[in-house]
Amino acid sequence: FALAVIPDEKLRYRYRKVNVANGYSLCSVLGLVGADAAYRYGENWVDALVSYLDANRQFVGEYLTEHIPQIRLIEPEGTYLLWLDCSDLGLEKNELHHLIEDEAKLWLDHGDIFGAASAQYERINIAAPRSTMEQALCQLKEAVNHHMLHT
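Residues numbered from 1 in each chain as written. Predicted model: local features only at pLDDT ≥ 70, side-chain atom pairs only at ≥ 80, totals over all residues. Heavy atoms only, no water.

A. Region of the structure containing the pairing of strand β2 (residues 81-85). In this structure, strand β1 (residues 72-74) lies alongside β2, joined through three bridges in antiparallel fashion. Within the sheet, the bridge partner assigned to Ile 74 lies in β2 and is Trp 83. Between the antiparallel neighbours β1 and β2 lie six residues, among them Gly 78 with a positive phi of about 140°. Note that β2 and strand β4 (residues 121-125) share five bridges and pair antiparallel. Across the sheet, residue Leu 81 finds its bridge partner in β4, namely Asn 125. (Pairing = 2+ DSSP bridges. Helix = DSSP H or I, 4+ residues; strand = E, 2+ residues; numbered from the N terminus.)

Structure follows, in structure tokens:
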């Protein structure tokens with residue numbers, strides 16, 4: 001279940017037209033019941049989630065600053081998907097992909113899928129348990145340290 005609020009009438013019409021064409025015009029009964037429950041009873045849960053995500057964002061930023069200064073966190077404007085600026089590693093796009101996938105053993109969103117200007121960025125999802133975030137960052141640190149020793 002997803003919800004889009006589109007105040008502009010023309011844009012909303014175009015959005016609906018594309019959704020219908022792609023088969024996304026209907027949602028499941030379970031999705032509707034879940035959304036209703038979330039809006040009625042989910043305030044405490046969402047407040048706790050936002051707090052948890054903010055703590056994870058802060059943890060990632062501090063970890064990078066302390067352990068992997070070659071990678072810089074781009075402060076988000078309100079999402080659980082963080083952009084990591086890897087340009088100080090001095091790697092070509094394919095080398096960065098190799099470092100992330102094959103050496104760090106992580107599956108992040110490579111920035112270049114969002115356009116050539118983002119090729120030196122990676123995107124990480126922080127909507128995860130802290131232990132998962134710690135493990136991922138530890139793997140990234142080890143991969144970067146290994147790369148730095150061998151260049």
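B. The sheet that holds β4, seen in detail. Here four strands make up an open sheet; going across it, the order is β1-β2-β4-β3 and the pairing antiparallel. At either end of the open sheet lies a strand with only one pairing partner, and these are β1 and β3 (109-110). Two strands pair when backbone bridges link them, and β3 and β4 are joined in this way by two bridges, in the antiparallel orientation. Pairing of His 110 across the sheet is with Glu 122, part of β4. The sheet contacts of helix α4 (residues 93-103) involve β3 and β4, and relative to β4 the element is tilted by about 25°. (Contact = heavy atoms within 4.5 Å. Axes fitted to C-alpha atoms, helices over the stretch in contact; angles between N-to-C directions.)

C. Structural detail: the nonpolar core. Within the largest apolar cluster, 28 residues are counted, with the highest numbers of intra-cluster contacts made by Val 60, Leu 64, Ile 71, Leu 84, Leu 89 and Leu 140. Of all the secondary structure elements, the ones that give two or more residues to this core are α3 (43-67), β2, α4 and α5 (130-149). No other element matches the six residues that α5 contributes to this core. Setting aside residues up to four positions removed in sequence, Leu 140 forms contacts with Ile 68, Ile 71, Ile 100, Ala 104 and Leu 106. (Core = buried A, V, L, I, M, F, W, Y, C linked by side-chain atoms within 4.5 Å. Buried < 20%, exposed > 50% of the residue type's maximum accessible area, 1.4 Å probe, protein only.)

D. Molecular detail of the packing of aromatic side chains. All told, the structure shown has three aromatic pairs when counted by the stated rule. Centre to centre, the rings of Phe 59 and Tyr 63 are 5.9 Å apart; their planes meet at 50°, and the pair counts as tilted. Of this pair, Phe 59 and Tyr 63 both sit in helix α3, four residues apart, which is roughly one turn of the helix. Relative to Phe 114, the ring of Trp 83 has its centre 5.2 Å away and its plane inclined at 75°; by these criteria the two rings are edge-to-face. Separated by 31 residues along the polypeptide, Trp 83 in strand β2 and Phe 114 in the loop between β3 and β4 bring together distant segments of the chain. Grouping aromatic residues by their ring pairs yields a cluster made of Trp 83, Phe 114 and Tyr 121. (Phe/Tyr/Trp six-rings, centres within 6.5 Å; stacked < 30°, edge-to-face > 60°.)

E. Structural detail: the pattern of salt bridges. One pass over the full model with this rule turns up six salt bridges. Here Arg 40 ties to Asp 36 by a salt bridge, and the two come within 2.8 Å at their closest N and O atoms. Of the two residues, Arg 40 and Asp 36 both sit in helix α2 (residues 29-41), four residues apart, roughly one turn of that helix. For the salt bridge of Asp 112 with Lys 93, the shortest nitrogen-to-oxygen distance reads 3.6 Å. (Salt bridge = Lys/Arg side-chain N within 4 Å of Asp/Glu carboxyl O.)

As far as function goes, none of this settles anything; it's purely spatial.
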